[in-house]
Amino acid sequence: VRDWATFGVACQIELDTPEIREALRARLDDADDETRQEAVAGLARRGDPIVFDQVLRDVEQGVIGILVFEAARDLADPRLYPALISLRDKVPTDDWRLPVLDEAIASCAKKA
């Protein structure tokens, strides 16, 4: 239930209010990985710098996940670029998430 609720707030609502950010921040330490990643993606989509460290940690740890890639793309922070390039070699060329990883790399490269 937390996962779907977090998804709804993070992805289905385009508003960016202090209450929405607070609701997403409350899920950043969730025990469920998917719920936590939904919160990270939702905050990144809103440009909240609080999630940078988590996104960098996930990428450096080799987390291959669409929500991590979306968060990196939306943050577009050049500090993510080296870790994303390193992760690129670990994703199979036929992986359906690869285009989003490539978008993240391109978005971080633009500002590098």
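Think of each chain on its own: its residues are numbered from 1, step by step along the sequence as written. Local features are withheld for residues below a pLDDT of 70 in this predicted model, meaning they are given only at 70 or higher, and side-chain atom pairs are given and counted only at 80 or more; totals for whole chains, interfaces and linings count all residues. Heavy atoms from the whole structure form the basis of all side-chain values; hydrogens and water molecules are not counted.

Visitor: What is the right way to look at the packing of helix 4 (residues 52-60) against helix 6 (residues 81-88) in this model?
Guide: Working note: a packed helix pair is described by the angle between its axes plus the distance between those axes. Note on geometry: axes are lines fitted to C-alpha atoms, helical ones only across the stretch in contact, with angles between N-to-C directions running from 0 to 180 degrees. Secondary structure elements are defined from DSSP: runs of H or I of at least 4 residues count as helices, runs of E of at least 2 residues count as strands, and each element is numbered from the N terminus. One way to put it is that helix 4 packs onto helix 6 with a least axis distance of 9 Å and a crossing angle of 30°. Considering the angle they form, helix 4 stands roughly parallel to helix 6. Considering how the two elements wind past one another, helix 4 and helix 6 form a crossing that is left-handed. For the pair helix 4 and helix 6, contact is made by L56, V59 and E60 and by A83, L84 and L87, respectively. For the contact of helix 4 with helix 6, the per-class residue count stands at five nonpolar, no polar and one charged. Convention used here: angles under 35 degrees read as roughly parallel, angles over 145 as roughly antiparallel, angles from 65 to 115 as roughly perpendicular, and any remaining angle as oblique. Helix crossings fall into two classes, left-handed where the near helix is turned counterclockwise from the far one by less than a right angle and right-handed where it is turned clockwise. Here, two residues are considered to be in contact whenever any of their heavy atoms come within 4.5 Å of each other. Residue polarity is assigned by list, with Asp, Glu, Lys and Arg as charged and Ala, Val, Leu, Ile, Met, Phe, Trp, Tyr, Cys and Pro as nonpolar; anything else, Gly included, falls into the polar class.

Visitor: What is the right way to look at the nonpolar core in this model?
Guide: Nonpolar side chains in soluble globular proteins tend to be buried together. Ranked by size, the top nonpolar core spans 29 residues in total, and within it V51, V55, V59, F69, L80, L84 and L101 carry the most contacts. Breaking this core down by element, the ones donating at least two residues are helix 2 (18-25), helix 3 (33-45), helix 4, helix 5 (66-75), helix 6 and helix 7 (98-110). Looking at which element gives the most residues to this core, the answer is helix 7, with six residues. Excluding its chain neighbours within four sequence positions, the residues that come into contact with V51 are L28, V40, L43, A44 and L75. In these notes, a set of buried Ala, Val, Leu, Ile, Met, Phe, Trp, Tyr and Cys residues joined through side-chain atoms within 4.5 Å is what counts as a nonpolar core. Only protein chains enter the accessibility calculation, which uses a 1.4 Å probe; a residue is then buried when its area is under 20% of its type maximum, exposed when over 50%, and partly exposed in between.

Visitor: Help me understand the pattern of salt bridges in this model?
Guide: We define a salt bridge as a contact between a side-chain nitrogen of Lys or Arg and a carboxyl oxygen of Asp or Glu at a distance within 4 Å. Considering all chains together, one arrives at 13 salt bridges under this definition. For R2, the salt bridge is made with D30, and the minimal N-O distance between the two is 2.7 Å. Taken together, the residues span a long stretch of sequence, with R2 in helix 1 (residues 2-12) and D30 in the loop between helix 2 and helix 3 at a distance of 28 residues. On the basis of relative accessibility, which here comes to 43%, the residue R2 falls in the partly exposed class. Judged by relative accessible area, D30 falls into the buried class, the value being 9%. Put simply, D77 and R79 hold a salt bridge, and the shortest N to O gap is 2.7 Å.

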